[in-house]
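# Descriptive analysis of the structure
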Amino acid sequence: MKRLILSSLCLLILSPVFSQGVWTWMGGSKYANDSGKYVGDSLWPKARNSSCLAGTEDGVYLFGGMTSSDKKWALMNDLWYWNGEEWHWLSGSDTSKNLGYFRGNNIPHARMECACHYDTAVDEFFVFGGRSYVYSEDYSMPVSGLSNALWKWNGKDWVLLRGDSTLNGRSRYSDSSGWKKTPPSMTGPIYWTNSEGQFNIYGGNVIDSSFKYPYFYTNEWWQYDSTGWHVKQAASNVYYYSSKAKYPKEKGVFTEGAHPGRRRSSATSTNKSGDLFIYGGLAVIDAVGQDLKRSDLWTTNGTDWAWLAGDTTFDKRSKYCTQNGNLKCHPGATWSAMAWVDQKDHFWMFSDDIEDSKYPSEFWKWDGSHWEMVNKDKWTYTKGVYGVMGQADTSNWPGARRSAVTWKDKNGDMWMFGGIGYDSDGDWGYLNDLWKFSPDTTEEVSVAANYAASQLQVYPNPARGMMTVQLSSNTPHHLLSIVNTQGQVIWQQKVEQASTQIATHHWPSGLYILKCQTTDKVIEKKIIIRN
């Protein structure tokens, strides 16, 4: 819900309250370390975290992950499909630590923190990399390491397309000596499918130049299409104890050369245009081998990066506020949090407080200009409140967790499966519960807000090259100004007419504020430039 606040300067501000939607427990167990169901009706995946997921608004594929076996962690290689109503088990084993095969009947070996992609043009699902198991060279025992194998599920069989049949393979930047161009073996990369249907991976943990364990961070950006792998962004000093993110001077502007630096396990989602948004993640290993965490929000248009919000330092704590609309509110540093981008390009994130031993859950939304706290009254919860399966209730709340998988459906609802965290009894473990969050899209707007909105309209918004500002015919003399996110006035003009066209092609893509000042008030409207 939203309410109107008019300041003494007649500045229009829409300030959301804390309750902004409702959770529904859609299935799975409300108790940790559930074995799932692989036989009969109403099948359900085993409890797990760090799976990979890809698909469309109509259905998604889920592969692998880490689970519990004999009170120890173990890996899975099962493939599932969720069609919006039920799970279907398609391939792989119902037991953990399955090693798979590279010859004969190909089956990917069990793995976690891999990258996934769904190609809508050919109806095929892809899995790349991850932490995995394979047999040793003499097939006498399983060994653990990182993979750079690329697998394809064609609806019936698995096919090994590229990469090494052993673990810990290096990058190959050209096709030579019988080898195909391929990324390094890695775990925890950021992955997404862009608007052209291409499979993208960024960052992750890779092996060092001497093929040793543990791993180092990278900021390589690779892209896969029907012709193979392509290097979108080469690594800069990949095997080095440093993050080296390059922050631009202005927030909200796509900037050549800017990038998030080396990191892994960020909270990620894409908008309807296929643009990636990422928050935080593990960004660097310090001199004593400690992972440090970021608290910054980035997006990319497929070519350049824009830094939207957050801090340039590490391990920053969350800042809470008594009400939304406070520009000082922000989430803290986190990793393996869950994220969605809604139909308005708002970034939602379900995370935990990394510095609190009880891991209370946090739910945030970035609206393009500031952070808002979602259902703040539930943030002290550690264990889940499940209610009745299939029934939405304002009391429902997922237990604090990390490393779950997320997606959006065609209705704009946001889904979350599994992870590692707290169940309904407050016990910590692997989860296989399925949740749906339905954002509240209604707005409570006063008569004054309706009047103000009727005075100022902008189209198209987002704008490409040109936009039109339309004012009501009875609006008196006015001054139009456009301000960037740094508060700088980049365009200003006094106008008398009702309609004004403004050329935007020479401005960097990003978020701007249009201000209309009349003799008695100032009206503001957010505009987005996409050039």
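In the block above lies the structure referred to throughout.
Thresholds applied
Residues numbered from 1 in each chain as written. Predicted model: local features only at pLDDT ≥ 70, side-chain atom pairs only at ≥ 80, totals over all residues. Heavy atoms only, no water. Helix = DSSP H or I, 4+ residues; strand = E, 2+ residues; numbered from the N terminus. Buried < 20%, exposed > 50% of the residue type's maximum accessible area, 1.4 Å probe, protein only. Polar contact = N/O pair within 3.5 Å; in protein donor to acceptor, adjacent residues only side chain to side chain. Contact = heavy atoms within 4.5 Å. Pairing = 2+ DSSP bridges. Axes fitted to C-alpha atoms, helices over the stretch in contact; angles between N-to-C directions. Disulfide = S-S within 2.5 Å. Salt bridge = Lys/Arg side-chain N within 4 Å of Asp/Glu carboxyl O.

### Quick look at unusual backbone geometry
- Put simply, Tyr 459 and Pro 460 share a cis peptide bond, and its omega is -10°.
- Within the secondary structure, Pro 460 is located in strand 32 (residues 456–464).
- Looking along the chain, the bond that leaves Asn 461 and enters Pro 462 is cis, with omega of 15°.
- Position of Pro 462 relative to the elements: it lies in strand 32.
- In this model, Asp 345 sits at a positive phi of 65°, which is unusual for a non-glycine residue.
- Looking at the element boundaries, Asp 345 is found in the loop between strand 24 (338–341) and strand 25 (347–352).
- In this structure, Ser 403 takes a positive phi of about 60° despite not being glycine.
- Within the secondary structure layout, Ser 403 lies in the loop between strand 28 (401–402) and strand 29 (405–408).

### Some remarks on the side chain of Ser 91
- With respect to the helices, strands and loops of the structure, Ser 91 is situated in strand 7 (residues 87–91).
- On the accessibility criterion, Ser 91 (13% relative accessible area) is buried.
- A polar contact is formed between the side chain of Ser 91 and the side chain of Trp 158, at a distance of 3.0 Å.
- Dropping the residues within four chain positions of it, Ser 91 is found in contact with Asn 77, Asp 78, Leu 79, Trp 153 and Trp 158.

### Section: the sheet that holds strand 24
- The four strands are arranged 24-25-26-27 in an open sheet whose pairing can be described as antiparallel. The open sheet has two edge strands, strand 24 and strand 27 (371–373), and neither has a second partner. Averaged over all neighbouring strand pairs, the angle between strand axes comes to 20°, with direction disregarded.
- Two elements, strand 26 (residues 361–366) and strand 27, share three bridges in a ladder whose sense is antiparallel. Counterpart to Lys 365 in the pairing with strand 27 is Glu 372.

### Considerations on the state of the cysteines
- Scanning the entire structure with this criterion turns up one disulfide.
- Across the disulfide from Cys 52 sits Cys 116; the S-S distance is 1.6 Å. Of this pair, Cys 52 sits in strand 4 (residues 52–56) while Cys 116 sits in strand 9 (residues 115–119), and the two are 64 residues apart along the sequence. We note that Cys 52, like Cys 116, is buried.
- The structure places no disulfide on Cys 114, whose sulfur is separated from the nearest cysteine sulfur, that of Cys 52, by 3.4 Å.
- When its relative accessible area of 3% is taken as the criterion, Cys 114 is described as buried.

### Here's the deal with the pattern of salt bridges
- Summed over the entire model, instances satisfying the criterion amount to nine salt bridges.
- Among the ionic pairs, Lys 410 bridges to Asp 58, the shortest N-O distance being 3.7 Å. Of the two residues, Lys 410 is situated in the loop between strand 29 and strand 30 (414–422) and Asp 58 in the loop between strand 4 and strand 5 (59–69); the sequence distance between them amounts to 352 residues.
- With a shortest N-O distance of 2.3 Å, Glu 113 and Arg 264 are connected by a salt bridge. Here the residue Glu 113 occupies a position in the loop between strand 8 (111–112) and strand 9, and Arg 264 occupies one in the loop between strand 19 (228–233) and strand 20 (267–270), the gap between them amounting to 151 residues.

### Some points on the sheet that holds strand 19
- Overall, antiparallel pairing links the four strands, which are arranged 14-15-18-19 in an open sheet. With one partner strand each, in any of the chains shown, strand 14 (190–193) and strand 19 form the two edges of the open sheet. Across this sheet, the average inter-strand angle for adjacent strands is 20°, counted without regard to direction.
- Examined bridge by bridge, strand 18 (residues 221–225) and strand 19 share five bridges and lie antiparallel to one another. Bridge pairing in strand 19 links Tyr 224 to Trp 229.

### Looking at the pairing of strand 30
- Across the nine residues that make up strand 30, a large majority, nine, are buried.
- One ladder, built from two bridges, connects strand 28 with strand 30; its direction is antiparallel. Note on strand 30: the bridge partner recorded for Arg 402 is Ile 420.
- Here four bridges tie strand 29 to strand 30, and the two strands are oriented antiparallel to one another. Its bridge partner lying in strand 30, Val 405 is registered against Phe 417.
- Counting the residues in the hairpin turn of strand 29 and strand 30 gives five residues, including Gly 412, whose phi is positive at 90°.
- Hairpin remark: strand 30 followed by strand 31 (residues 428–439), antiparallel, with five residues in the connecting loop; positive phi at Gly 426, about 85°.

### Points about the pairing of strand 32
- Judged from the five bridges that link them, strand 32 and strand 33 (residues 466–471) form a sheet pairing that is antiparallel. Among the inter-strand pairings, Arg 464 is bridged to a residue of strand 33, identified as Met 466.
- Between the antiparallel neighbours strand 32 and strand 33 lie one residue, among them Gly 465 with a positive phi of about 90°.

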